[in-house]
Amino acid sequence: ETYMPHGGAGHRADQLATLELLTHETFTDKRVGELLTELTPLEESSDAQSFDGSLIRVTRRDYDKATKLPSEFVEELSRAQNAAHFAWIEARKEDDFKSFQPHLEKMFGLARRAADYLGFDDHPYDALLDNYEPGAKTAHLKTLFADLRNQTLPLLKAIQAKGDATDYSVLERPFPIEKQRQFGLEIARALGLPEEYSRLDVSAHPFCTHFGPQDIRITTRFDEHYFPTSLFGTWHETGHGLYEHGVSLELNRTPLSGGASLGVHESQSRLFENLICRSKPFWEHYYPQLEHLVPEVTQGVSLEEFYKAINRVGADLIRVEADEVTYNFHVMLRFELEVAVLEGNLKVADLPEAWNAKMQDYLGVTPPDNAKGVLQDVHWSAGLIGYFPTYSLGNLLSVQLYNAAEAKLGNLHEMFRTGNFAPLLEWLRENVHQHGRKLLPHEIALRATGKPLEATDYVQYLKTKYSAIYGL
Ligand code: ZN
């Protein structure tokens, strides 16, 4: 994504497929199952949080999952994904849902079969969700999201009713790419991402990858005429990178390394991107530096105006560009549709209409076409059903963790005002990062914050922040 010539994609795909096959065959070998059985007495006599106890438990969980899907099914899925992906690219380009519909029906059908293979107690969606957010339950999400929806919809409507005559052109002033890079990276370093163990490159879609806690690679993309893309993108990926970097070295090269789930991962990226880098105290510290670096961008723009601009609430049609207030509505919409299709209460053919109706209900906008509606995300074409909720779980957890850290450490905004992020990072390492995959997401929430994941903290955060910005 960063250095390989485009034409090399075929070779790389072959190499990866070979590696994946070998990894899968080695890991699902009957002998691994026998070894795990032999280790049961050791697991039972070990403390659940000990290295041995965790290693056996987590490896068994992975092994059970990996051996539940028959290889013919995995092959069928892989072929269907490939076909669906290319059909989706065409369908989105041509705004032609009908041509994608049979592929999407196939993907939902395969997802339903995967749920049966993987097994579930209450809801087939639980089995799919568990692939991305181990231990999460559909019933809990339904309550959580209903809370979130009922409490943030009035806030959004109030913001929309208020009207907004702010001039947001500061965001589009030319900001030389080299300077964006310099500023974004300097702050990533100040947030705690060490130069010795990480690097920043450019890719079409920003991501964070790692080859162990001491080799963290993040990417961003640059737009000279819209700097928030690169800056907040860099700091978002910094949050992911700090998580991986903070995983205990003792867990490296074992199944316990890496993040606990997509949701917990996203809680870290959102915490750094939004709770730190979109906060006013952060900019009280950094705005003078920005003014010094690019006076042509900040000319005539007060700190207050800049802060409002980077926190603009708009009813965007596209999820990835959504602000903190509207973002979760994009996710809830997808979650509700996925569950409805899986339950058999909604036909794939009726998805575009259902999508548009929900967009109208939640955000008050209707997509002009399916390319900007039901066809906008790549996920469904890749069979990633059960994935979307993790984005919102991350948002909710980010604030709940932040509040718990603040209760322990004192006023974090005062620290940000002087560019001091170390105490917060230290707390996150201790309570989240170091554990790797030892703890399940709900265990992390409970241990670190003293309560299960709820919508309360996030809703309160939105109300306080955006009532002040919009003078509600
Ligand atoms: Zn992310």
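Only a predicted model underlies this, so the values are computations on that prediction, with no experimental measurement involved.

Draft legend 1. Structural context of helix α14 (residues 303-310). Among all positions in α14, only Phe306, Tyr307, Lys308, Ala309 and Ile310 are buried. In this structure, the buried side of α14 is in contact with α10 (228-246), α12 (280-293) and α21 (456-470).

Draft legend 2. Here's a closer look at the side chain of Thr390. Position of Thr390 relative to the elements: it lies in helix α17 (residues 389-409). Among the residues examined, Thr390 registers a relative accessible area of 1% and is labelled buried. Contact partners of Thr390, with chain neighbours within four places excluded, come to Tyr132, Glu133, Leu262, Gly263 and Glu266.

Draft legend 3. View of unusual backbone geometry. In this model, Asp95 sits at a positive phi of 50 degrees, which is unusual for a non-glycine residue. Along the chain, Asp95 turns up in the loop between α5 (71-94) and α6 (97-118). Given the relative accessible area of 33%, Asp95 is considered partly exposed. Phi at Arg253 is positive, roughly 65 degrees, even though this residue is not glycine. Tracing the sequence through the fold places Arg253 in the loop between α10 and α11 (262-276).

Draft legend 4. Layout of the coordination of the zinc ion. Around the zinc ion, the protein contributes the donor atoms His236 (NE2), His240 (NE2) and Glu266 (OE), at 2.1 to 2.3 Å from the metal centre. Mapped onto the sequence, the residues coordinating the zinc ion show the spacing H-x3-H-x25-E. In this pair, His236 is assigned in helix α10 and Glu266 in helix α11, connecting sequence segments 30 residues apart. Judged by its relative accessible area of 11%, His236 falls in the buried class. Residue classification places Glu266 among the buried positions, given a relative accessible area of 10%.

Draft legend 5. Representation of the sheet that holds strand β2 (residues 208-210). Taken together, three strands build an open sheet; the order of strands is β1-β3-β2 and the sheet is mixed. One side of each edge strand has no neighbouring strand; the edge strands of this open sheet are β1 (198-202) and β2. The average angle at which neighbouring strand axes cross in this sheet is 25 degrees, direction not considered. By the bridge criterion, three bridges tie β2 to strand β3 (residues 216-220) in an arrangement that is antiparallel. Note on β3: the bridge partner recorded for Thr209 is Arg217.

Rules used throughout
- In this numbering scheme, every chain counts its residues from 1 along its sequence in written order.
- Selection of residues for local features in this predicted model requires a pLDDT of at least 70, selection of side-chain atom pairs for listing and counting requires 80 or more, and totals for whole chains, interfaces and linings are taken over all residues.
- Based on all heavy atoms of the structure, the side-chain values leave hydrogens and waters out of the count.
- Whether a residue is buried, partly exposed or exposed follows from its accessible area with a 1.4 Å probe, protein chains only, as a fraction of its type maximum: under 20%, in between, or over 50%, in that order.
- Under the DSSP-based scheme used, a helix requires at least four consecutive residues in state H or I and a strand at least two consecutive residues in state E, with every element numbered from the N terminus.
- Whether two residues are in contact is decided by their heavy atoms, any of which lying within 4.5 Å being enough.
- The rule for donors is simple: N, O or S, within 2.8 Å of the metal, or within 3.2 Å if the metal is Na, K or Ca. Water isn't counted, so a site may look like it is missing partners.
- Only when DSSP finds a minimum of two bridges between them are two strands counted as paired.
- Inter-axis angles, ranging from 0 to 180 degrees, are taken between N-to-C directions of lines fitted to C-alpha atoms, where helices are fitted over the stretch in contact.

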